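Listed below are the residues making up each chain.
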Amino acid sequence: MALLQMAAILFIANALTIGGGYAMVPILQQEFVNHYHWLSNKEFLDAIAIGQVTPGPLTVMNAFMGFKVGGLAGALVAMAASYLPCVIIVTLVTKYYLRYKEIWAVKAGFAAIKPAVVGLLLAVLIFLGHGSIINPLTAGIAAASFALLTFTKIDPSIIIITAGFLGAFLF
Amino acid sequence: MTAVLSLKKIFLAFLKIGTFSFGGVYSMVAFFERELVFKRKWISQEEFVESLAIGQMAPGPPIINTGISIGYKLHKLWGALAATVGQAFTGTVLAILLAAFYLHMQDNPLLQAVMKGVAAAVVGLLASFIYKMIIKLVTGYRSATLAMGAFLALAIFKLNPIGILLAAGALGLVLYRRD
């Protein structure tokens, strides 16, 4: 039953992932952490980290969360449910591309959803920051990670792995 | 290009792409182009650019979507599925292995220390991502109102994010009607 609920959530979350992979994060945080308590907030942040350091898009974090919910079957169900909306929508769009391009409602809807995603992510950031920025050291790591990602072209995976090493030595 | 490619070939090509997809979207796009347009000559430059556009117009990760669209062009629905599974394979296997390891070792003090550093870095990463999105997307009073409204709806009123996004989409039909 949990797997079915999880599949439904992931299907909806990915169908609404508009404006980059992170757009699914507020929905997943709400459902996986706040509503169903499948993961703690800390585990959720760790899942994001896993999604970042593994090859492929952030979506890979769903395999990690699915594994926590239902083992190997959970991970496979999670990935299938995550990519199913993409396969359905993209094949339809590819088939009817020339007509789809002209649909104003799609453009208008997307144009409004993208800034809304920014607002949601900001709320989630504050929420997640509370639990993980607990002292000057963690604040320093977060600030350094922010600065490096914003002002240099360093790969996020490298920053996450370096922060892991720092954590091992400093905490 | 006229002969239909075998699903196995499509799967293997996308397995390679999915396995080496580090380094952000731009290096990924170049990698895609090199593998599929220049080396294998499966699709033309124009078809590639069209699939790239489709990847960004549909929900989901743009780079996976681009792969699905190319897979569909090569071998219809089965091609789309072969491209999806190929692209997702390596990351999924690694995530499962890491999850098994992580859950087994969760009480280990060293892993906890590592993950404290990692969690802090993820918060910074998320902040940087949001900062870039604000600069790119929040450009006028309509987008600023939508962003602020969504923020308040979740942070203060604790509304469901799915509902908030659907409401924003519906509002977009009114706000962006004439664009």
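Keep in mind that what you see is a predicted model, and the values were worked out from it rather than measured.

Before going further, it helps to spend a moment on the overall build of chain A. When its secondary structure is counted, chain A shows 8 helices and 0 strands. Shown N-terminal to C-terminal, the secondary structure of chain A runs as helices and strands in the order α-α-α-α-α-α-α-α. Out of the 171 residues belonging to chain A, those deemed buried represent 57%. A separation of at least 24 residues holds for 52% of the contacts in chain A among residues at least 6 apart in sequence.

On to unusual backbone geometry. All names here are of chain B. The phi angle at Lys76 is positive, at roughly 50°, despite the residue not being glycine. Positive phi is not limited to glycine here, since Lys158 has a value of about 55°. The residue Lys158 is located in the loop between α6 (141–155) and α7 (161–175) in this model.

What follows concerns the domain arrangement of chain B. Under the domain assignment used here, chain B contains domain 1 (7–104) and domain 2 (107–175). Taking the mean C-alpha position of each, domain 1 of chain B and domain 2 of chain B sit 26 Å from one another.

For the rest of this paragraph, the subject is the interface of chain A and chain B. On the side of chain B, 85 residues touch chain A, which itself brings 81 residues to the contact. Secondary structure elements with two or more residues in the side of chain A that touches chain B: α1 (2–15), α2 (25–35), α3 (41–53), α4 (61–95), α6 (104–132), α7 (136–151) and α8 (156–170) of chain A. It is α6 of chain A that contributes the most residues to the side of chain A that touches chain B, 20 residues altogether. Class assignment for the residues of the side of chain A that touches chain B results in 57 nonpolar, 19 polar and 5 charged.

In this section: the environment of Gln5 of chain A. Mapped onto the elements of the fold, Gln5 of chain A is located in helix α1. Separated by 125 residues in the primary sequence, Gln5 of chain A and His130 of chain A have C-alpha atoms spaced 28 Å apart.

The interhelical angle for the contact between α6 of chain A and α7 of chain B, taken along N-to-C directions, is 135°, at an axis separation of 7 Å. Considered as vectors, α6 of chain A and α7 of chain B are oriented oblique to each other. Here α6 of chain A runs over α7 of chain B; the crossing is right-handed. Here α6 of chain A contributes Ala105, Ala108, Gly109, Ala111, Ala112, Ile113, Ala116 and Leu120 of chain A to the contact with α7 of chain B, which in turn contributes Pro161, Ile164, Leu165, Ala168, Gly169, Leu171, Gly172, Leu173 and Leu175 of chain B. Partitioning the contact of α6 of chain A with α7 of chain B into residue classes produces 14 nonpolar, 3 polar and no charged.

Time to look at the packing of α3 of chain A against helix α5 (residues 109–137) of chain B. It is the contact of α3 of chain A with α5 of chain B, at a shortest axis distance of 9 Å, that shows an interaxial angle of 75°. The orientation of α3 of chain A with respect to α5 of chain B, classified from their angle, is roughly perpendicular. Here α3 of chain A contributes Lys42, Leu45, Asp46, Ile48 and Ala49 of chain A to the contact with α5 of chain B, which in turn contributes Met115, Val118, Ala119 and Val122 of chain B. Partitioning the contact of α3 of chain A with α5 of chain B into residue classes produces 7 nonpolar, no polar and 2 charged.

Cut-off values and rules
Residues numbered from 1 in each chain as written. Chains lettered and ligands numbered in written order. Predicted model: local features only at pLDDT ≥ 70, side-chain atom pairs only at ≥ 80, totals over all residues. Helix = DSSP H or I, 4+ residues; strand = E, 2+ residues; numbered from the N terminus. Buried ≥ 20, exposed ≤ 12 C-beta atoms within 10 Å, placed from the backbone. Contact = placed C-beta atoms within 7 Å. Domains from an automatic or database assignment. Nonpolar A, V, L, I, M, F, W, Y, C, P; charged D, E, K, R; others polar. Axes fitted to C-alpha atoms, helices over the stretch in contact; angles between N-to-C directions. Parallel < 35°, antiparallel > 145°, perpendicular 65-115°, else oblique. Left-handed = near helix turned anticlockwise from the far one by under 90°.

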